[in-house]
Amino acid sequence: RLRQLAALALRSGYSVILDATFLRRQPRRQARQLAARLGVGCVLLDFQAPLDCLRRRVAARARRRDDASDAGLAVLQAQLAQAEALDAPERAIRVVIDAAQPFDAAAMPARWAPVLRRLKRLRRA
């Protein structure tokens, strides 16, 4: 359904972010194929953080009970167990994001600059 909605938005001239874990290679491939079929560029955002950081964040979120997600440590473990490494074509279009860094509004422009540069290159291509 996510790809169907993305196709509708892309055909209407909008940019799209597919916000999902994309742990498995096949759904990632399908998203790339959609972009290729519609003649639009595709960038894969590869958010990376150490396992202990992820565990701390998930546990803290569960304690706060202020998030729509009810995914706990068991879900995190299941996700990590089923994650498939990026293949060569995926690595060629990825931008690595250091997700271990704490949120800092002042630092956001610099942190997102590589993504914006990649998107600008795609628009020129």
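Anything mentioned here points back to the structure above.
Worth saying up front: this structure is predicted, and the values here are computed from it rather than measured. (Residues numbered from 1 in each chain as written. Predicted model: local features only at pLDDT ≥ 70, side-chain atom pairs only at ≥ 80, totals over all residues. Heavy atoms only, no water.)

K.L.:
Can you walk me through helix 2 (residues 25-38) in this structure?
P.N.:
Helix length check: helix 2 (14 residues) gives 20 Å between terminal C-alpha atoms against 20 Å at 1.5 Å per residue, within 8%. Trailing helix 2 by a residue or two, glycine 39 shows a phi angle of about 70°, which is positive. (Helix = DSSP H or I, 4+ residues; strand = E, 2+ residues; numbered from the N terminus. Expected span 1.5 Å × (residues − 1).)

K.L.:
So what exactly am I meant to see when it comes to a nonpolar patch on the surface here?
P.N.:
Together, Leu116, Leu119 and Leu122 line one region of the surface with nonpolar side chains, adding up to about 220 Å² of accessible area. Along the polypeptide, leucine 119 turns up in helix 6 (residues 108-124). With a relative accessible area of 32%, leucine 119 lands in the partly exposed category. (Patch = residues over 30% accessible without salt bridge, like charges linked within 9 Å, V, L, I, M, F, W, Y side chains within 5 Å. Areas by Shrake-Rupley, 256 points an atom, 1.4 Å probe, with all protein chains shown as cover. Salt bridge = Lys/Arg side-chain N within 4 Å of Asp/Glu carboxyl O. Buried < 20%, exposed > 50% of the residue type's maximum accessible area, 1.4 Å probe, protein only.)

K.L.:
When you look at the pattern of salt bridges in this model, what are you seeing that I'm missing?
P.N.:
A side chain with one charge may pair with a side chain of the opposite charge, provided their charged atoms come close. A full pass over the atoms with the stated rule returns five salt bridges. Arginine 24 is the salt-bridge partner of glutamate 84, the closest N and O atoms lying 3.2 Å from each other. Here glutamate 84, found in the loop between helix 4 (73-82) and helix 5 (88-92), pairs with arginine 24, found in the loop between helix 1 (2-11) and helix 2; they are 60 residues apart in sequence, far enough to count as distant. By relative accessible area, glutamate 84 is classed as partly exposed at 28%. One salt bridge in this structure joins arginine 94 and aspartate 46, with 2.8 Å as the shortest N-O distance. Pair noted here: arginine 94 is in strand 2 (residues 94-98) and aspartate 46 is in strand 1 (residues 44-48), with a separation of 48 residues, a long-range link. Here arginine 94 falls in the partly exposed class, since its relative accessible area comes to 26%. Taken together, the salt bridges that share partners define one network made up of Arg28, Arg32 and Glu90.

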